[in-house]
Amino acid sequence: MDEQALLGLNPNADSDFRQRALAYFEQLKISPDAWQVCAEALAQRTYRYSELTTVQQQLIRETLISWLQAQMLNPQPEKTFIRNKAAQVFALLFVTEYLTKWPKFFFDILSVVDLNPRGVDLYLRILMAIDSELVDRDVVHTSEEARRNTLIKDTMREQCIPNLVESWYQILQNYQYTNSEVTCQCLEVVGAYVSWIDLSLIANDRFINMLLGHMSIEVLREEACDCLFEVVNKGMDPVDKMKLVESLCQVLQSAGFFSIDQEEDVDFLARFSKLVNGMGQSLIVSWSKLIKNGDIKNAQEALQAIETKVALMLQLLIHEDDDISSNIIGFCYDYLHILKQLTVLSDQQKANVEAIMLAVMKKLTYDEEYNFENEGEDEAMFVEYRKQLKLLLDRLAQVSPELLLASVRRVFSSTLQNWQTTRFMEVEVAIRLLYMLAEALPVSHGAHFSGDVSKASALQDMMRTLVTSGVSSYQHTSVTLEFFETVVRYEKFFTVEPQHIPCVLMAFLDHRGLRHSSAKVRSRTAYLFSRFVKSLNKQMNPFIEDILNRIQDLLELSPPENGHQSLLSSDDQLFIYETAGVLIVNSEYPAERKQALMRNLLTPLMEKFKILLEKLMLAQDEERQASLADCLNHAVGFASRTSKAFSNKQTVKQCGCSEVYLDCLQTFLPALSCPLQKDILRSGVRTFLHRMIICLEEEVLPFIPSASEHMLKDCEAKDLQEFIPLINQITAKFKIQVSPFLQQMFMPLLHAIFEVLLRPAEENDQSAALEKQMLRRSYFAFLQTVTGSGMSEVIANQGAENVERVLVTVIQGAVEYPDPIAQKTCFIILSKLVELWGGKDGPVGFADFVYKHIVPACFLAPLKQTFDLADAQTVLESLFTLCISFNLQGPECVQYLQQEYLPSLQVAPEIIQEFCQALQQPDAKVLKNYLKVFFQRAKP
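None of the values given here were measured: they were computed from a predicted structure.

Draft legend 1. Local environment of the UniProt feature "domain: Exportin-1/Importin-beta-like" (unreviewed entry) in the protein chain. Per the UniProt entry, the sites bearing "domain: Exportin-1/Importin-beta-like" (unreviewed entry) are residues 80-228 in this numbering. Along residues 80-228 the backbone is 73% helical and 0% strand, and the end-to-end C-alpha distance reaches 27 Å.

Below, the structure is given as structure tokens:
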């Protein structure tokens, strides 16, 4: 809207502005887009509405009603989006004015629209917009708005809901045969409002009979289904709910709606399935409430009512359309939950359980159209649907584990006997069911093959069949993947029958697994192979060298100029390298043999790395530089991944592998001085150093100074952010051993940090601001690590000027930056320094610094508007700092607070006295609560 013209609406505006406003609105009247402009302006600027005069607000109400009247006479209806926008404006005005200035809102609108189809359309859109404003849970409301909305609904219930319901009935009666669009709109309104109005206004003979009548009209029945669903879903007395559902069911059944097999319209059946699901779940809720209330007679009736719906539920569950089936799963799941609670099941209930089980098994099956190579939205929906079915299977296992096990065994055995001539989807689902049993019949630590003999024996039989049947050769990716997933899921089987390990290893290593024609299978198998070897490492000894030989070609680093496509991606190769490391480290070989095997594994990487680094230094083309750097980074990553095999029981030193990894370090570190592709190379080497600090311990220390020097050159915020955790790791791990190194690199590191933090940035550059915030946090985390590791002398030895500069930055972090994470860290640092240096042996001038800066910081920070007094941890840290200062300085600190500092803040003498007494309170909790109140009172 024209902002200048709008100024003319001000009662105090001069005549020029008024003339301009009149001209603008006259022009707007004849513009075809006028109402869209006005509607958007009002919708977006409701905050200005309250600033208008009473006369102007009345004018807006009258204008809206006039526009509504005009719609009755227009030869053509407005476009849909304009009608929706107008409805939104009416709704916004309604929530603002209904309780105060426009209590007759609905009566005014109804008197205009009457039963005119154009008017009814707008009336129903307005009602939906109002419902959205008042009830829609997706719209976030303030607590004040929520209170207002509750009051509006209460007032509507008292004053106008019966009239609105009557209007809906009249609309439905008048238009059910002549205007399906308006009728469907009205059904949607009824469904929306029924959740918060008196149900008896809708759940009565005349309304329900009309809705049931709509179920037989093709264009209305889907919307009627949804409306009935909302009616059924409404909370009410359990006995009344049971009667309502039963009467609905009787009418629907006698009208033939329960004959699912004769219905061809799947869209309607999906809605009907949702309605049946709602009715079934409502009955189950009623049953639960009645049981809880001890009303056994009515509970028995409710259970009987539920049982009579099971046949219909099963028909819908087994339907070939997954949407129809999916919509009934909630009822099915809750029904099984009831059966789980019953002490004895009747024959019919047992038959129902078996029928549900067979339905789930059938519905788990892929259909012919599923695209395994290019999975899209339909495939994703089926995967989600399968997850729902899995929950049903788990619930079935709780009701009758023996029946589930027997059923799966029967299906599995008959399918795998003839797998060569069976369709892929049936073979896949048979193996899938075995896989799912592992979670459906839970045991601790995967011990499926001990304990319950009959269960263990059944699972053992199925696993033996799986690995000996030859089904791993089935020519379909889904079957192949399910085979490997199941083998890994039941890895404990191979500790019971280790004779099957060789044939499974071969399946992993040949064309069925890591050399499969499908990249998807190869990728997943790489991960599963790693898991298989790790979990069975004690059984792997006889096969180690054979495996290492067979995977040799899969370990090759593929440089960009290689030309041929590798079988595995670099991410997949990580798993293969880790597997090789696990095989070597966990073998029963002596240390010399382990060292030789590890050297064989890593030497090709080191040799390739040297060649590729030389090529990178000479490369001119940026794209080639990037691909070479990627390859170098992969080499470092692969070497790093092998080190994950080591543990406290099998250290690098014990395995005799230190020398190999030190050679890797010497090979990789020169990459830090490469001027090209710095980010990716530094990142890889830094990660490797993190691993080596854990694995090589002290042996890594000689390499740290040179590596640090290179990593501090030409730094950006992100480089420093990632470098500081490395220094923190070294500091925390080696403490006093690295004190000389830390003292030497302390100021160079700080200069690099300060230089980046002081760089100018665009005012609105949020990315740069966030980077600086993260770097500041990293800097404070570094200081916290140094002070927390007992290394405060590293700071103390930097010279008085530098020490003061560091301390000032910590004070700034505690007080000036509105970043609670940094503040918390800064107060921890200050607490530690006061604790370490606050006595007589602290650095010269530190006692003065405590009084001039640290004690004031403990007050200034909590008094800031941005400081969250509800954040207990930050508050505690600031108070802890203050308390330590008090404990160390004793009466001096109290005297300083009483006589100098607190009076300078204009704190009243009695509050100063109260505060100093509280500070001497030994109970930390009492002190914390007092200080919270103190700062809340003191906040401006």
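Draft legend 2. Quick peek at the side chain of R522. In this structure, R522 sits in helix α27 (residues 519-535). Within the buried set, R522 has no salt-bridge partner at all; the shortest N-O distance to an opposite charge, 6.7 Å, is to D572. Of the polar contacts made by the side chain of R522, one reaches the backbone oxygen of S517; its length is 3.4 Å. A polar contact is formed between the side chain of R522 and the backbone oxygen of L567, at a distance of 2.6 Å. Among residues more than four places away in sequence, those in contact with R522 are G513, L514, R515, H516, S517, L567 and L568.

Draft legend 3. Highlighting the environment of L252. Along the polypeptide, L252 turns up in helix α14 (residues 238-254). Remark: the alpha-carbon pair of L252 and N163, spanning 89 residues in sequence, is separated by 29 Å. Residues in contact with L252, not counting those within four places in the same chain, are L212, M215, F257, F258, F272, L275 and M279.

Draft legend 4. Local environment of the side chain of D510. Of note, D510 is situated in the loop between α26 (501-509) and α27. The residues contacting D510, other than those within four sequence positions of it, are R515 and H516.

Draft legend 5. Region of interest: the packing of helix α5 (residues 54-73) against helix α8 (residues 117-134). Across the interface, α5 lies against α8 with an axial gap of 7 Å and an inter-helix angle of 140°. Classified by the angle their axes make, α5 and α8 are oblique. Contacts from W67, L68, Q71 and M72 of α5 reach α8 at R118, G119 and L122. Residues belonging to the contact of α5 with α8 are distributed by class as follows: four nonpolar, two polar and one charged.

Draft legend 6. Main features of the packing of aromatic side chains. Counting across every chain of the model gives 43 aromatic pairs. Geometrically, the ring pair formed by F258 and F272 is tilted, given 6.3 Å between the ring centres and 55° between the ring planes. Of this pair, F258 sits in the loop between α14 and α15 (266-293) while F272 sits in helix α15, and the two are 14 residues apart along the sequence. Of the two residues, F258 and F272, neither departs from the other in class, the shared state being buried. The positively charged end of K153 is found above the aromatic ring belonging to W196, 6.0 Å away from the centroid. Taking the ring centre of F229 as reference, the NZ or CZ of K274 above it sits at 4.7 Å.

Draft legend 7. Representation of the nonpolar core within the structure. Membership of the largest hydrophobic core comes to 315 residues, with the highest contact counts inside it found for M156, W168 and F272. Of the residues forming this core, the biggest block, 13 residues, is contributed by helix α22 (residues 424-440).

Draft legend 8. Structural view of helix α23 (residues 453-468). When the terminal C-alpha atoms of α23 are compared, their 22 Å separation across 16 residues agrees well with the 22 Å that a helix rising 1.5 Å per residue should span. Taken together, the buried positions of α23 are occupied by K455, A456, A458, L459, Q460, M462, M463, L466 and V467. Immediately beyond the C-terminal end of α23, within one or two residues, lies G470, with a positive phi of roughly 85°.

Draft legend 9. Structural view of the environment of E263. Checked against the element boundaries, E263 lands in the loop between α14 and α15. Relative accessible area serves as the criterion here: at 23%, E263 is assigned to the partly exposed category. Contact partners of E263, with chain neighbours within four places excluded, come to R221, F268 and L269.

Draft legend 10. Geometry of empty space enclosed by the protein. The tally for this structure, following the rule as stated, stands at one cavity of 30 Å³ or more. Here the largest cavity defines a volume of roughly 50 Å³. Lining the largest cavity, in full, are Q71, N74, Q76, P77, E78, R83, R118, D121 and L122. The leading source of residues in the lining of the largest cavity is α8, at three residues. Taken together, the residues of the lining of the largest cavity break down into two nonpolar, three polar and four charged.

Draft legend 11. Layout of the packing of helix α11 (residues 180-193) against helix α13 (residues 221-233). At their nearest, the axes of α11 and α13 sit 8 Å apart, and the two run at 15° to each other. Between α11 and α13, the angle is such that the two are roughly parallel. Where α11 crosses over α13, the handedness of that crossing is left-handed. In contact with C184, L187, E188, V190 and G191 of α11, α13 contributes E223, A224, C227 and E230. Its residues placed into classes, the contact of α11 with α13 shows five nonpolar, one polar and three charged.

Draft legend 12. Broad picture of the state of the cysteines. One pass over the full model with this rule turns up zero disulfides. Left unpaired, C249 is separated from the closest cysteine sulfur, that of C225, by 12 Å. In this structure C249 comes out as buried when scored by relative accessible area, which is 4%.

Draft legend 13. Looking closely at the layout of surface pockets. In this structure, the second largest pocket spans a volume of roughly 770 Å³. E320, D322, T365, D367 and F382 are, among the 28 residues lining the second largest pocket, the residues nearest its centre. Contributing elements (two or more residues each) for the lining of the second largest pocket: α17 (322-327), α19 (347-363), α20 (377-399) and α22. The leading source of residues in the lining of the second largest pocket is α20, at seven residues. When the residues that make up the lining of the second largest pocket are grouped by side-chain class, the tally is eleven nonpolar, three polar and 14 charged.

Draft legend 14. Molecular detail of the pattern of salt bridges. Enumeration over the complete set of coordinates arrives at 40 salt bridges. With its nearest N and O atoms 2.7 Å apart, the salt bridge here joins E428 to R386. Here the residue E428 occupies a position in helix α22, and R386 occupies one in helix α20, the gap between them amounting to 42 residues. Since its relative accessible area comes to 1%, E428 is described here as buried.

Draft legend 15. Representation of helix α37 (residues 766-788). With 23 residues, α37 should cover 33 Å at 1.5 Å per step; its first-to-last C-alpha distance of 32 Å lies within 8% of that length. Buried residues of α37: A768, K772, L775, R776, S778, Y779, F780, F782, L783, T785, V786 and T787, and no others. The N-capping residue of α37, defined by a side-chain oxygen 3.3 Å from the backbone nitrogen of S767, is D765.

Draft legend 16. Seen up close, unusual backbone geometry. If you check the backbone angles, Q677 has positive phi at about 50° while not being a glycine. Turning to its location among the elements, Q677 is positioned in the loop between α32 (658-668) and α33 (678-695). Under the relative-accessibility criterion, Q677 is labelled partly exposed at 24%. One non-glycine residue, D714, lies in positive phi territory at about 50°. Its place among the elements puts D714 in the loop between α34 (704-711) and α35 (717-734). Take D714: its relative accessible area is 58%, and that puts it in the exposed class.

Draft legend 17. Focus on the environment of T343. Inspection of the secondary structure assignment puts T343 in the loop between α18 (329-341) and α19. For T343, a relative accessible area of 83% gives the class exposed. For the pair T343 and K492, spaced 149 residues apart in the sequence, the C-alpha separation amounts to 34 Å.

Thresholds, definitions, all that
- Residues numbered from 1 in each chain as written.
- Predicted model: local features only at pLDDT ≥ 70, side-chain atom pairs only at ≥ 80, totals over all residues.
- Heavy atoms only, no water.
- UniProt positions renumbered as here; feature names shortened; annotations may be inferred.
- Helix = DSSP H or I, 4+ residues; strand = E, 2+ residues; numbered from the N terminus.
- Buried < 20%, exposed > 50% of the residue type's maximum accessible area, 1.4 Å probe, protein only.
- Lys, Arg positive; Asp, Glu negative; His and termini not counted.
- Salt bridge = Lys/Arg side-chain N within 4 Å of Asp/Glu carboxyl O.
- Polar contact = N/O pair within 3.5 Å; in protein donor to acceptor, adjacent residues only side chain to side chain.
- Contact = heavy atoms within 4.5 Å.
- Axes fitted to C-alpha atoms, helices over the stretch in contact; angles between N-to-C directions.
- Parallel < 35°, antiparallel > 145°, perpendicular 65-115°, else oblique.
- Nonpolar A, V, L, I, M, F, W, Y, C, P; charged D, E, K, R; others polar.
- Phe/Tyr/Trp six-rings, centres within 6.5 Å; stacked < 30°, edge-to-face > 60°.
- Lys NZ or Arg CZ within 6 Å of the ring centre and 35° of its normal.
- Core = buried A, V, L, I, M, F, W, Y, C linked by side-chain atoms within 4.5 Å.
- Expected span 1.5 Å × (residues − 1).
- 1 Å grid on protein atoms, 1.4 Å probe; cavity = no way out; pocket = protein on both sides within 12 Å on 5 of 7 lines; lining within 4 Å.
- Points joined across faces, edges and corners; volume = space filled by probe spheres on them.
- Left-handed = near helix turned anticlockwise from the far one by under 90°.
- Disulfide = S-S within 2.5 Å.

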